[in-house]
Protein chains: 2
Amino acid sequence: MNYPNGIINNNNKEINYKNRGMTLESELNESNEYYRFINKAYIYKKPTPIKITKVDYPSRNKAIIKEAFFTIPSTTDYNGLYRGKYIDFEAKETKSKTSFALTNIHEHQIKHIANINNNGGIAFLIVRFTTLNETYLLTADDFLSFLNNTDRKSIPIDFFRNKGYLIKDSYKPIIDYLKVIDNIIGGI
Amino acid sequence: MNYPNGIINNNNKEINYKNRGMTLESELNESNEYYRFINKAYIYKKPTPIKITKVDYPSRNKAIIKEAFFTIPSTTDYNGLYRGKYIDFEAKETKSKTSFALTNIHEHQIKHIANINNNGGIAFLIVRFTTLNETYLLTADDFLSFLNNTDRKSIPIDFFRNKGYLIKDSYKPIIDYLKVIDNIIGGI
């Protein structure tokens, strides 16, 4: 690893931190890797949940999955540890310029976010409006209060602009979302 | 769900809690489901990490994974939230009557356990000696101190008997490992 030059070796492929056009997921993965590197937080993306239905064992130690299906996640994609606290969030991109469709977050995930929020964990969403190039952190409190007070099928961009925290691109990490969390739980 | 009778509907299959001969993994999954049901803790097993190399899309909303490979996990299998704290552990079974081979825990996982332990999380192993029918919780502190003080390639059963916490089978949940955690972090 070679962070001082802003370049890491990841799967034998060099990644330049200044490259734009990355997906939110890859930017979060790199940011989380950086947080681990500087011993700031231990937050990981969970593997994609799948149901495996067919596996071949061509030799003793090699298994090839020959058939599997994507399954609906019951929890959020990211969780981990920061400042002794349990962190849990979901991250989504939308091309819309006006709103974030609630179909992006499954019912199970909403319940999970509420459970974490009610039990001392720090839960939130990170939503990127890719066309606008605006990325927001929305706390579980604000997200859940929106859901409880509306029948709308989407969250308007103005709700994010009013209630969310705009996360500006930075260099290291690319998405410094823990700075927002510091704001929320109080500075160190 | 139908917990009061000790039976849940899981994938359309009825499971009786009193059945023995279950794997440690399925017992932990049921125990975690019970903890969630009584709103005690939110701890999940992470999906198995795989690398997907081929996907078919026979129709717009159906994707079938046609080729994928199991990858080495960089973290532990289980994590979540309990009493406002971050919980993180790995669970393993062994048929050995005398020791637990350290090849069961990957180098990355050991580093992860140390990082969590050093940053205010609660990390541990749950190891079942299936032949002996003994299941132990071993704290990260004891696990890491063993590793630091030996060149052995396995942890003898006596180390678990001396330093670990024996988890006896119970009814609900089957494996009440959070009782041990209460002991360690102090009763409620």
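The rules we used
- Residues numbered from 1 in each chain as written.
- Chains lettered and ligands numbered in written order.
- Predicted model: local features only at pLDDT ≥ 70, side-chain atom pairs only at ≥ 80, totals over all residues.
- Pairing = 2+ DSSP bridges.
- Helix = DSSP H or I, 4+ residues; strand = E, 2+ residues; numbered from the N terminus.
- Least-squares fit on C-alpha atoms with pLDDT ≥ 70 in both.
- Contact = placed C-beta atoms within 7 Å.
- Buried ≥ 20, exposed ≤ 12 C-beta atoms within 10 Å, placed from the backbone.
- Nonpolar A, V, L, I, M, F, W, Y, C, P; charged D, E, K, R; others polar.

Enquirer: What is the right way to look at the sheet that holds strand E10 (residues 134-139) of chain A in this model?
Expert: In a beta sheet, neighbouring strands are held together by backbone hydrogen bonds and run either parallel or antiparallel to one another. Residue and element names in this part refer to chain A. Read across the sheet, six strands follow the order E3-E6-E7-E9-E10-E12 without closing on themselves; strand pairing throughout is mixed. Two strands close off the open sheet at either side, each with one partner strand: strand E3 (41-45) and strand E12 (165-166). Here two bridges tie E10 to E12, and the two strands are oriented antiparallel to one another. What sits directly across from Tyr 136, in E12, is Leu 166.

Enquirer: How should the relation of the copies chain A and chain B be read in this particular structure?
Expert: In this arrangement, two copies of a chain are superimposed by a rotation about an axis accompanied by a shift along the axis. When chain A is fitted onto chain B, the two copies agree to an RMSD of 0.0 Å after a turn of 180° and an axial shift of 0.0 Å. What we have between these two chains is a two-fold relation. The fraction of interface residues of chain A whose copies in chain B are also interface residues reaches 100%, indicating that both copies meet through the same surface.

Enquirer: Would you mind going over the environment of Val55(B) with me for this structure?
Expert: Residues and elements named next belong to chain B. In this structure, Val 55 sits in strand E4 (residues 50-59). Owing to 13 C-beta atoms within 10 Å, Val 55 belongs among the partly exposed residues under this scheme. Through-space distance from the C-alpha of Val 55 to that of Ile 113 is 34 Å; in sequence the pair is 58 residues apart. Setting aside its immediate chain neighbours within four residues, Val 55 contacts Ala 63, Ile 64, Ile 65 and Lys 66.

Enquirer: Sorry, what's going on with the interface of chain A and chain B here?
Expert: For an interface, size is often stated in terms of accessible area lost upon the parts coming together. Taken together, the contact between chain A and chain B spans 26 residues of the former and 26 residues of the latter. Counting only elements with at least two residues in the side of chain A that touches chain B, the list comes to E3, strand E5 (62-70), strand E6 (78-82), strand E7 (85-94) and helix H2 (107-118) of chain A. Sort the elements by how many residues they give to the side of chain A that touches chain B and E5(A) lands first, with eight residues. Along the lines of polarity and charge, the residues of the side of chain A that touches chain B split into 14 nonpolar, eight polar and four charged. Note that E5(A) and strand E5 (residues 62-70) of chain B share four bridges and pair antiparallel. Across the sheet, Ala68(A) pairs through a bridge with Ile65(B), a residue of E5(B).

Enquirer: Help me understand the environment of Leu178(A), please; the structure alone is not making it clear to me.
Expert: Residues and elements named next belong to chain A. Take Leu 178: it is sitting in helix H5 (residues 177-185). C-alpha of Leu 178 to C-alpha of Glu 30: the two residues are 148 residues apart in sequence and 14 Å apart in space. Excluding anything up to four places from it in sequence, Leu 178 contacts Tyr 35, Lys 40, Ala 41 and Tyr 82.

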